Structure formats: C-alpha cells, structure tokens
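Structural characterization, general
Residue-level listing of the chains:
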Amino acid sequence: MAVSWVLPVVLNAVSLDVVLIPVLVLAVASLLRVGGGLLDRLVVASFVVCGSVMAFGLLFSVWPWGLSPVPMMGFMLTVVSLVGWLTGRRPHIPLKLRGSDVLVLGTAAVVWKYVHHPLAGKSAADRIAYFATAEDRMGHFSYFDGIHHVGGYAFLHQEAARTYMMTPAEAVYPQGTHFLLAWIDILVKSSTDGGAALGMMNRYLLYVMAAYALFCAALVWAARWVGGPRLRGWRTAAVCATVLSIMLSGSMANLVEKGFDSETVGLLFLTVALALLLRPAMGRAEFALVGVAALVAVTFVYNLYGVLVGIALAAVLVVHRRRFAARRGLLLGALATGALVAALPTAFSVLTKLDVAKTSNLAGPMVIPDRPVLIGCTLLVLLAAALPVNRRTATGQSVLVLVLGTGLVLGVFGFWQLHTIGYLSYYFEKLAAGGLVIALISLGTVGLMLQPAERTKGPLLRRRAERLGLSAVATAAALSMFAGVQWGVPSGWSKPSAWYDSPMVKWAKGEAVSDMGPATNLLTKRDLKGVTTPVIALYSNDSYHNLKSTFIAQLLTHQGGNMVGLYEIFYVKIGGPEVPPKDKEKPAEKEKSEAEKAADREKEYQSSLGHLKTAIASCPARPTVLVGDAKVAERLKQDLAAAGVPATVVHAPFPSN
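All residue numbers here refer to positions counted from 1 along the written sequence of the relevant chain. Per-residue local features of the predicted model are confined to residues with pLDDT of at least 70, and side-chain atom pairs are confined, for both listing and counting, to 80 or more; whole-chain, interface and lining totals are unaffected and use all residues. Side-chain numbers come from the whole structure's heavy atoms, not from hydrogens or water.

Here a strand is any run of E in DSSP of at least two residues, a helix any run of H or I of at least four, and the numbering for each starts at the N terminus. The topology assignment puts Asp185 in helix α10 (residues 176-189). Summary of the burial criterion: residues with accessible area below 20% of their type's maximum are buried, those above 50% are exposed, and those between are partly exposed, where the area comes from a 1.4 Å probe applied to protein chains only. Residue Asp185 is classed as buried on the basis of its relative accessible area of 0%. For Asp185 and Tyr204, which are 19 residues apart along the polypeptide, the C-alpha to C-alpha distance reads 8.2 Å. In what follows, residue pairs with any heavy atoms lying within 4.5 Å of each other are defined as contacts. With near-sequence residues (within four places) excluded, Asp185 lies in contact with Phe144, His148, Arg203 and Tyr207.

The following block contains the structure:
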C-alpha cells in the first residue's frame, strides 16, 4: 500500500505517469486467475481496468482532487493492494505464449499501419484534415476536452461543461469513451492541463486510431477465446485469419472516416465482454468481476450495446446455473450492483433531457455492416451451434441463445422503425454492427466443425514446422477468399482486386481526407491569435465548409459549446467572392441572365444573413466573424451594424478564393 502511493508520486515528479498504466494492468493481471496464457490474462486485466476506471470515475468526478494523476492512481493501486491482501492471492502471471498470438498482435499492427499511414510525417495542423473528416469526431473531441477541463463526467458538471460541448450533450450522451481517453491523456501528459487544443486534437486522433486497431485485434482474440482449448493448430489460424480478413476488407473501416469514435470503443468493449461471458472459463469471483466490468464498460461507452450484454449475461446464468449454484445470492447481488452503477448515466439522461423515442429514430450518416457477411456468418454460427460438437457444450448453448436473442432484438427494433418512420435508420445500423461482432466472435465455434490435423510422430521441430506450415496456408487462404489478397498474381480482368477498393486501403491512401487543411492552417497560424471570444469562420460560399471551419475554430479555442447556434452556419452560404468564377457556376446558372444571377445571389445573401444573425444571437459574448472575401466582409460589417447585431467582422483572406 505504501508503494501504491510512493510510485505515483515519484513518476509524477519525473513526468512519467503513463508508466502507471502498464503497472496497473500488470498488478490486476497478477491477481486474476483467468486464461492459461499471457495474452489472455493481459486482455482480461486491461478490460477490468477500463471498466474500473469508468466506474471509479463517478467518484473522481466529485471528490476534491478531480482527475489529478497522483490521487487517482494512488487510489486505484491501493484498491488492487487491498484486494490482493484480503483474498490472500500471491501475484502470478503466466508467461505462456501461443502461436496464434502472432495473428492477434499482427492484426493490431497491420490495422494500425493502415489507419496511421496518412498521418505519418504530417504537421499537427495538416493532420486536422483527417481529424475533421466528419463533424461527429469534432463533437466527440469536444466531450473529451470538456471532461479534461471540468475534471470529471460532464453530466455531473453540466453548467461548466456547456462551455466545451453543445448542449444537451453534457447531459444525454454516453461519456465513457471520452472519460477513459481523458484519463489516458492526463497520464500521458502527467498533468490535468491538456495544453494547446491543436496538440490535444492530434493526441485524441491517435487514441481513436489505436482504438480501431485494438477493436480488430480484439475480434480475432475473441473468436479464438470462444473456440476454447479444443480449437488448436491450423483450425485456430483459419478462424483468426477469417476474422482478420473480414475486418481488413469490410465496411466497418468506415468507422474511422465517419468519426464514430464512441461506437468504435463500444464495439471494442462489447467484443471482449461477450467473449468472456460466452465462455466464462474462470471462477465465481472473476466471473462476478468480469460481469460487472462488462456492464459498466459497455453501457458507459455506448448504452445501446448494454442490451446485448444483458442477453449474454442472462444466457450464461441460465446455461451455467448448476455451476454458479453455490453462493448464487452473492453473485447475483454483485451483478445487480454492477447493473445499477452501469445504469446511472443512462437513467440520468432519460430522466432529464433525453427523448428516447425521438433519438432512436434519428437520421444521419451510417456505417452499414456488410449484409452478406452478417447474414452468412450468422447462419454459419447457427449451423455450428446446432451440431453435436457444440450443441452439448455450454458455450454452444450460450452462443445459440445470444444469436437468437440478438436477432429478435434487431427484428423488433427494425419493425418499429419501419412502422414509425418507414425505413431503417442510424441506430438500427449501429445495433446491426453489434450483431456482426457476435457473428464474428462466434466463428470460434465454427472452427470446431473443421477436421483437426492428425498428430504426427517424429522430432518436435518437425512437428512444429508442420503445424506452422498448415497454419500459414490456412491464413493465406482466408486472406485470399475474404480480403481479396492476390499475393502478386495478376488479375484476370486487368483490374485491381477487391482489396484495393476496400475502405481501409482508401483511407491509407489519403482518399478520405477532408478539405479542412487550409482552413486549419489559417486558424492556427493567423486568425485565432489573441482571440478569446466565439469565432465564426466564413471562408467560403460552401456552407458545410463554413460549418466545419467554425466548429474547428471553437475547438481550437476550447469553446466547443459556446456557440449554441453552430448548426445555423450550415445555412450560411457566404464568405467567398460575391461573384463566383465562370468555371464554378452550375450548369443551370450559366443559362441565366446577369440580372437573374444577381437576384439569386442577393436572395442567397439575405437568407444567409438571417441565419448568421441567429447564430450570433446564441453566442454568450460578442463573436469574431472571419470572412474570406474583402467585399463580403465590408458588406457584412455594415449590415450587422445597421441591424444592431454585436459582432467583430474581420477580413481573413482565404487562398482558394
């Protein structure tokens, strides 16, 4: 217990608090008795640590020290020390490694290489073009920034949080992802001060890129875990490589471009949670701990997926009812307590500002799971669960219940959306992504249907070489069939394979880059110097460009929530030259007379001016309006002054204009 406090103090003094993350994971891993290999133990320990950080975050949000690294880490290490003392467990970590660990770790490395590739070698300002591929990520960053500044969950500091995030997000949006990343960032920085917003944006972007790589690796690990000790040799390689291939070439890589950061982290925790629940190869104490961590981690991050965890937990308690019969009351009590803690943020949002029915039918950009993969893998899993090799096992029965239960939930939700709004929208596809996770991790049971290789006699080196060769062939076959990898063989149609058309490869090539690079460079190097008030950036006649430029300007000044009327800027189509070049005119405009064109421009200007006035009225202080074109800037200055609208209009030349 003394070391639990001395170590954080010493590491904080030398600005190495980040070392406490692996220390905490190893400390927890040493007390767990789950998994016979090092990687399994570290995955479970990391999952428990993440769930604990989010749960204890409720305490950290209200105690006097906020998110200061020394009190937080001293407290958490003390808890681990007390648990070790009370249970009498001697620290022990298995050092055993498995050959298929290479596929799990290799998945993380390969995916990281692709998602990080377009960022490599670029300046902090230039990287924002990849940060701002969608306003969703900018919104998520504002929650991360807000938690940094208010020292805890935003829903527990709503008044202060409104400066940093657009209301009512401070009360209704799940904040587990942002709290966890803020906790990591504070340890990386060895300070609660995140520093300049540009640096924070870059670190946040790296965190969410890493989260996607870990999500893909977790799916590979989870499929192996669900398969259990019977899944060995080339069959393990076939299952792991199939999951890897689907993630490399599938549509889920669009999560990165769309900025669906909370969904990504939610799917990561859902993957680990469901795998551990489907095959609970652990004692009652560990099962209770994992069950509580699953409820908290998944629900705090993305409460929609809490339903799937509930189905899995109910299935395992029924299927393993005899095994958990002893001290059932204590187990159920622990899980009930965990469920209450997990439900707190959601209950708070529902009882305050969240309209569940309206939110459930929201429209928006979607990442649609590959339907053939989702349907095909689900049917294959149902077939595997129905065969004797799995039907008589607890894991097979749990998988069957989870797949059928999830299918029922998806069917009911889809029917409700079709009945109320006439189409499947935003949150249906997010729930379907949870269904894809279940199908992929359950492929571990499909692997058991394959014929295992016969044990051969001979020297150990020869037997290992044979297993390695079979596993390599199985991996290559899976990459070819499911990822479109051709291994250098020319295409018969003189076209690139499907691999080169995948979202991940397109992202790696920089094809998903946004148009925010020039605007970000101007904001960081010129236009925000000395500005402390809200900023409206009208660099272009493109309203969406103006919206994103304004949002980035707010984030760079740590004022992501100060402009309540931010989305009014989406209708402001002025800022560039009043008369666009001939080559930029739409075909319909070219046929009009100059008088008609002038009338249309004036109508557009007056409409945009009205929306701009509404946005300015929402600002808590006199805003600065940056305008790309000199003539437009002068006219706006006169029109706003004549209308008595308080704003400081500044001409900020934009190169593209």
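Once that is clear, we can look at the sheet that holds strand β2 (residues 624-627). If you trace the three strands from one edge of the open sheet to the other, you get β1-β2-β3, paired in parallel fashion. Each of the sheet's edge strands pairs with one partner strand only, and the pair in question is β1 (535-538) and β3 (648-651). Averaged over all pairs of adjacent strands, the angle between strand axes in this sheet comes to 20 degrees, irrespective of strand direction. Helix α30 (residues 630-642) rests against β1, β2 and β3 of the sheet, and its axis sits at about 170 degrees to β3. Strand pairing is assigned whenever DSSP detects at least two bridges linking the two strands. Throughout, an axis means a line fitted to C-alpha atoms (over the contacting stretch in the case of helices), and angles, computed between N-to-C directions, take values from 0 to 180 degrees.

So, about the pattern of salt bridges. Whenever Lys or Arg places a side-chain nitrogen within 4 Å of a carboxyl oxygen from Asp or Glu, that contact is recorded as a salt bridge. Overall, the coordinates contain 14 salt bridges when judged by the stated rule. Measuring nitrogen to oxygen at the nearest pair gives 2.6 Å for the salt bridge that ties Glu263 to Lys430. Of this pair, Glu263 sits in helix α14 (residues 261-278) while Lys430 sits in helix α22 (residues 426-441), placing them 167 residues apart in sequence. Through salt bridges with shared partners, one network takes in Asp40, Asp101 and Arg224.

Burial analysis of helix α6 (residues 124-131) places six of its eight residues in the buried class, which makes it a mostly covered element. For α6, the complete set of buried residues consists of Ala125, Arg127, Ile128, Ala129, Tyr130 and Phe131. Where α6 is buried, its residues touch α5 (101-116), α7 (135-150), α11 (197-227), α25 (503-508), α26 (517-527) and α27 (543-556).

What follows concerns the pairing of β2. Working note: regular strand, side chains alternate between the two faces of the sheet. The alternating pattern of β2 places Thr624 and Leu626 on one face and Val625 and Val627 on the opposite face, and all of these are buried. Relative to β2, β1 runs parallel, the two being bridged by four bridges. Residue pairing in the sheet places Leu538 in a bridge with Val627 of β2. Two elements, β2 and β3, share four bridges in a ladder whose sense is parallel. Across the sheet, Thr624 pairs through a bridge with Thr648, a residue of β3. Here is how to tell: hold the view so the strands point away, follow the path from the first strand over the helix to the second, and if it runs clockwise the crossover is right-handed. Each parallel crossover has a hand, and the one from β2 via α30 to β3 is right-handed.

To continue, consider a positive patch on the surface. On the surface, a cluster of positive charge is made up of Lys96, Arg232, Arg464 and Arg467. Residue placement: Arg467 occurs in helix α24 (residues 460-483). Given the relative accessible area of 44%, Arg467 is considered partly exposed. Within this analysis, patches are made of residues with over 30% relative accessible area and no salt bridge. Like charges are joined at 9 Å or less; nonpolar side chains (Val, Leu, Ile, Met, Phe, Trp, Tyr) at 5 Å or less. Accessible areas in this description were obtained via Shrake-Rupley with a 1.4 Å probe; residue shielding takes into account the shown protein chains only. Counting rule applied: Lys, Arg positive; Asp, Glu negative; His and chain ends not counted. For the purpose of locating charges, the reference atoms are NZ of Lys, CZ of Arg, CG of Asp and CD of Glu.

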